[in-house]
Amino acid sequence: MDWYKMSPRDVIGELSSDPGKGLTRAEAEKRLQEHGANELQEEEKKPLIKKFAEQFLDPMIIILLIAAVISGVVGEWVDSVIILAIVIVNALLSIFQEGKAEEAIAALKKMSSPTVKVIRDGKSIELDATKVVPGDIVVLQTGDIVPADMRLIESSNLKIDESSLTGESVAVEKDAEEVFDDDVGIGDRLNYAYSASIVTYGRGRGIVTETGEETEIGKIATSLSTMEEKQTPLQRKLAGLSKTLGILVVAVCAVVFIVGKIYGHDTLRMFMTSVSLAVAAIPEGLPAIVTIVLAMGMGNMAKKNAIVKRLLAVETLGTTTYICSDKTGTLTQNEMTVTNVYVDGKVLEVSGTGYAPKGEVTYEGKAVGLDDVKGLRTLTSIATLTNDADLIEEDGTYDILGDPTEGALITLSGKQGIEEKELESSYPRIGEIPFDSDRKMMSTFHENFFDGQVSSFTKGAPDIVLSRCRYILKDGDVVEMTEADREAISEQNNRFAENALRVLAFAYRNYDALPDELSSEDHEKDMVFVGLTGMIDPARPEVKDAIKECRNAGIVPVMITGDYLLTAKAIARELGILREGDDAMMGEELNGKSPEEIREIVKTTRVFARVSPENKVQIVTALKANGEITAMTGDGVNDAPAIKKGDIGIAMGITGTDVAKNTADVILTDDNFATIVHAVEEGRIIYANIKKFVTFLLSCNIGEVLVVFLSIIMNLPTPFLPIQLLWLNLVTDSFPALALGVEKGEEEIMHEPPRDPKEPILDRKVTITLVIQSIAITIATLGVYYYALTTHGRTGDGLVYSRTMAFSTLVFSELFRSFSSRSIDDTLAKIGFFTNKRLNQAVLLSLALVLVVLYVPFLEELFHMTDLNMMDWAIVLISSFIPLVIGEIQKVIRFRHARADKN
């Protein structure tokens, strides 16, 4: 029901409650059974067995399992065991890393369960917020967390911070008497309070209308569960690669089997040759290496304050083309700060942001104090004494209990050395005329501030306060206000407002004694005008550079906020999000637009203000439909559906709500937008390295396939046994590939545009490199194999010797070439031969493992190898350099062509 369209009396009647007595205990218990606990349903944790089973759904893993089964059936149990072991290790690694991320997220969750005051059986009682039911009368006071959605039935100067739901940084003034006839957006329902919002000022009462999953927060949480899990670009590409490899394996095996039968070879031999080819074609180490490299990337990001929940999300960050960010708490500090003061006809600037009372006041670039600008002491004193907020300091960190606007004023005074408690003690409040939304101001009364007199201090909306003033304070003197003075003040107020500053005016009036009855009509008139303050929720200082880096990297930043358009545009311009020619618009303008129209709008619009949760999802959906890889960041409940809809969802770890954190792929533990840029860079480096080691492994595998295939076509004995190829693919190749996975990022990686999301891992440049390298490996290995067969024979010890020579040449070709694989474009002369220490160690380890199977007697027998003499090694080593040399020559030729094309 649209409760906000109903009067308090009608809502109370509809819910069969009583404003004075509330519900009876019996009725509350009955409703608790009927509606359930006032809590969001926890997302079911995936059972460990299901997590484990999901690791085996990848097409490449399935091919490996089939190869393991076939090897076992034909009696090659060693091959079978090795394949199964690598698959299981890969699965366990993935589960372990994702489990570590889950533990980190759990540590971020709030552990306390809020309590609430309700009226039951005519008495005010405190109970767990989960026990609240529709019809309960809830008492609200400053500092309370609203436990459920409720229609307000009483309000006294009530302000509620709804930023976690709407994104608006300024607390909303509530009015229980307001009744709406037309549909009104969530952020404008002044007679309504929402679950998880915070009372920052005043008091009130409300009748609970919705609990649990029926609240606005609950609806958002429910909508998240209906969204499909998205596949990352890397998942799609690896799945495509696996599918291609699968088709290749089947086709090549079939051709080889047919050719073998034509040559008259027996069926079992050709079957085993086909198994050898299958093993040769599949890079068995690839799934494990991808998992380990992503896991290492996960660890690097955690060190840089980004917890990645899903392993494959690491790489997705590197493909990002759009970052859609909430404003409050993400781009800004979510701490109102006074930036300007207008007093004694001067515009003063205030440095320092946030609630920490650190900074200075300057005029025309020079620091000024309370003695330099006489009206400043009066203004800051009024700002402090007409204030109900408290500044709290804990371990050097400052926070505000109460209204953020009032908190900003206390901080301003603190920067001038004025202590709130000391001032209140010296000039205690002896009376007040509370704030209300009609007058838009408040006044407090104090003794002895001006030579034994009683003074009323007033703060409020500039136009209203100014209209009640007859005098003005100028350089310590009170003079009659002229029309020119009024115009100057109004013009300054407008200038502040144009810069999206929230402006407050300050005034006072003196009396001989405290009046008997305090009223706005009698006492908020004929006042002395003191000055203005302009405040804003300031941008995070590091975000501007992060935005610049985003643009250098070809990433488009977009602000999506629940705040007002003027404020959003000011912050966006300051940060560099909104530039000349860019559009800004209200979220409601998207309502009723077709998906095609929204797709056009998002191409040029960089700021969306006053948006609803549905608008956020519309924007992200449109960007994705335009082919963009979209990251959605935020901290509020209102961000959660869009966070889940984005290709990569990013939540704030400190200010973020549990709903946002549960939904996100990545959580920023420092709530810093700039951390996203570091994460994007890490993602790009990881993808570039994945590309390097995939190219390295596949060129090895294709080389192996070509050697085996051409040997069969040439009617030569099979050059490798399955166990030899497994050792090569899983052990010898895997360590250098892993080292390539941690190669340092190239300097220009964040000055390149994001790659096309549809671009395959094996793009044109990589494919050419792959083909040339595979052919070079084939020439070197097949040449040595043919030479060995010619000189030592095709059977018995001669065949064992020839296979050992081919195996050794293939191994050394791949190990030498791994150094060249560190860059697709740069030669070793530029990047340095031995500058990747991990690769140096990996190559030495792989060499040692090759020598082990060649010279340890029982392994030599198991792998069907034999010893090689010095002449043999000379032939192997010279031949093994061929792929490395050809790879370097190819880079030089490509560089010259690229330079010629530029000229």
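The model shown is predicted, which means the values in this text are computed figures rather than measured ones. (Residues numbered from 1 in each chain as written. Predicted model: local features only at pLDDT ≥ 70, side-chain atom pairs only at ≥ 80, totals over all residues. Heavy atoms only, no water.)

Draft legend 1. Inspection of a nonpolar patch on the surface at higher detail. A cluster of nonpolar side chains, contributed by F881, V885, I889 and I893, occupies part of the molecular surface with about 350 Å² of accessible area. Within the secondary structure, F881 is located in helix α32 (residues 870-902). According to the relative accessible area criterion, F881 is partly exposed, its value standing at 40%. (Patch = residues over 30% accessible without salt bridge, like charges linked within 9 Å, V, L, I, M, F, W, Y side chains within 5 Å. Areas by Shrake-Rupley, 256 points an atom, 1.4 Å probe, with all protein chains shown as cover. Salt bridge = Lys/Arg side-chain N within 4 Å of Asp/Glu carboxyl O. Helix = DSSP H or I, 4+ residues; strand = E, 2+ residues; numbered from the N terminus. Buried < 20%, exposed > 50% of the residue type's maximum accessible area, 1.4 Å probe, protein only.)

Draft legend 2. Here's a closer look at the nonpolar core. Judged by nonpolar contacts, the single largest core of 135 residues is most densely connected at F529, F673, F693 and F807. When residues in this core are grouped by element, the largest group, 20 residues, is from helix α24 (residues 673-713). Of all hydrophobic cores here, the second largest spans 31 residues; its members include M336, A408, L409 and L412. (Core = buried A, V, L, I, M, F, W, Y, C linked by side-chain atoms within 4.5 Å.)

Draft legend 3. Quick peek at helix α16 (residues 483-498). Its 16 residues place the ends of α16 22 Å apart at the C-alpha level, agreeing with the 22 Å of an ideal helix rising 1.5 Å per residue. Every buried residue belonging to α16 is among D485, I489, Q492, N493 and F496, and all of these are buried. Buried positions in α16, seen along its axis, are confined to an arc of 100 degrees and lie on one side of it. For α16, exposure combined with an orientation more than 90 degrees from the buried face picks out E483, A484 and E498. One or two residues past the end of α16 sits A500, with phi positive at roughly 65 degrees. (Expected span 1.5 Å × (residues − 1). Arc of directions from axis to C-beta.)

Draft legend 4. Focus on the layout of surface pockets. Space inside the second largest pocket adds up to approximately 1,500 Å³. Lining the second largest pocket are 39 residues, and of these E746, E752, S823, D825 and D826 lie nearest its centre. Elements that contribute at least two residues to the lining of the second largest pocket include exactly α24, α27 (764-792), α29 (828-831) and α32. Here the element with the most residues in the lining of the second largest pocket is α32; it accounts for seven residues. (1 Å grid on protein atoms, 1.4 Å probe; cavity = no way out; pocket = protein on both sides within 12 Å on 5 of 7 lines; lining within 4 Å. Points joined across faces, edges and corners; volume = space filled by probe spheres on them.)

Draft legend 5. Highlighting helix α30 (residues 837-855). Counted at 1.5 Å a residue, the expected span for α30 with its 19 residues is 27 Å, and the 27 Å between its end C-alpha atoms agrees. Within α30, burial applies to L839, N840, A842, V843, S846, L849, V850, V853 and L854. With a side-chain oxygen lying 3.1 Å from the backbone nitrogen of R838, the N-terminal cap of α30 falls on N836. (Polar contact = N/O pair within 3.5 Å; in protein donor to acceptor, adjacent residues only side chain to side chain.)

Draft legend 6. Examining the sheet that holds strand β9 (residues 322-325) more closely. One open sheet holds the eight strands; their spatial order is β8-β28-β27-β26-β9-β23-β25-β24, and the pairing between them is mixed. Each end of this open sheet is capped by a strand with a single partner; those strands are β8 (306-308) and β24 (583-586). Strand-to-strand twist of the sheet, defined as the mean angle between neighbouring strand axes without regard to direction, takes the value 20 degrees. For β9 and strand β26 (residues 630-634), the ladder comprises four bridges, and the chain directions are parallel. Residue pairing across strands places C324 opposite M632, the latter belonging to β26. Those strands touched by α24 are β8, β9, β26, β27 (648-652) and β28 (666-668), and its axis lies near 160 degrees from that of β9. (Pairing = 2+ DSSP bridges. Axes fitted to C-alpha atoms, helices over the stretch in contact; angles between N-to-C directions. Contact = heavy atoms within 4.5 Å.)

Draft legend 7. Structural view of the packing of aromatic side chains. Per the counting criterion, the structure on display carries 13 aromatic pairs. Centre to centre, the rings of F449 and F450 are 4.9 Å apart; their planes meet at 75 degrees, and the pair counts as edge-to-face. For the residue pair F449 and F450, the accessibility class agrees, reading buried in each case. Here F816 and F881 contribute two aromatic rings whose centre-to-centre distance is 4.4 Å and whose plane-to-plane angle is 20 degrees, an arrangement assigned as stacked. Of this pair, F816 sits in helix α28 (residues 796-820) while F881 is found in helix α32, placing the two residues 65 residues apart along the sequence. Here the aromatic cluster, defined as three or more aromatic residues joined through ring pairs, consists of Y427, F449, F450, F457 and Y508. Its end group placed over the ring of Y201, K159 keeps NZ or CZ at 5.4 Å from the ring centre. The ring of F435 has K159 lying over it, and the distance from NZ or CZ to the ring centre is 4.8 Å. (Phe/Tyr/Trp six-rings, centres within 6.5 Å; stacked < 30°, edge-to-face > 60°. Lys NZ or Arg CZ within 6 Å of the ring centre and 35° of its normal.)

Draft legend 8. Just the packing of α24 against α27, in detail. Following both chains from N to C, one finds α24 and α27 inclined at 40 degrees, their axes separated by 8 Å at the closest point. In this view, α24 runs oblique relative to α27, as classed from their interaxial angle. You can see that α24 and α27 cross each other, and the crossing is right-handed. Along its contact with α24, which presents K691, T695, L698, S699, C700, I702, G703, L706, V707, L710 and S711, the element α27 presents V766, T769, L770, Q773, S774, I777, T778, T781, L782 and Y785. Across the contact of α24 with α27, the residue classes tally to eleven nonpolar, nine polar and one charged. (Parallel < 35°, antiparallel > 145°, perpendicular 65-115°, else oblique. Left-handed = near helix turned anticlockwise from the far one by under 90°. Nonpolar A, V, L, I, M, F, W, Y, C, P; charged D, E, K, R; others polar.)

Draft legend 9. View of the pairing of strand β20 (residues 477-480). Alignment of strand β19 (residues 469-474) against β20, held across four bridges, turns out to be antiparallel. Among the inter-strand pairings, I472 is bridged to a residue of β20, identified as V479. Hairpin connection between β19 and β20: a loop of two residues separates the two successive antiparallel strands, and D475 in this loop has a positive phi of roughly 50 degrees.

Draft legend 10. Spotlight on the environment of L23. You can see L23 is positioned in the loop between α1 (8-14) and α2 (25-35). Owing to a relative accessible area of 2%, L23 belongs among the buried residues under this scheme. Here the alpha-carbon distance between L23 and D121, two residues 98 residues apart in the chain, equals 6.1 Å. Discounting residues that sit within four places of it in the chain, L23 has contacts with S16, S17, A28, R31, I119, R120, D121, V133, P134, G135 and D136.

Draft legend 11. Quick look at the pattern of salt bridges. Scanning the model with the defined rule gives 29 salt bridges in all. For K174, the salt bridge identified is with E162, shortest N-O distance 2.6 Å. Of this pair, K174 sits in the loop between β5 (172-173) and β6 (192-193) while E162 sits in the loop between β4 (149-161) and α6 (163-166); the two residues are twelve residues apart in sequence, bridging distant segments of the chain. Judged by its relative accessible area of 5%, K174 falls in the buried class. The exposure class assigned to E162 is buried, which follows from its relative accessible area of 1%. D390 serves as the salt-bridge partner of K421, at 3.2 Å between the closest nitrogen and oxygen. In this pair, K421 sits in helix α14 (residues 420-426) while D390 sits in strand β14 (residues 390-394), placing the two residues 31 residues apart along the sequence. When salt bridges that share partners are traced, they join D2, K5 and D183 into one network.

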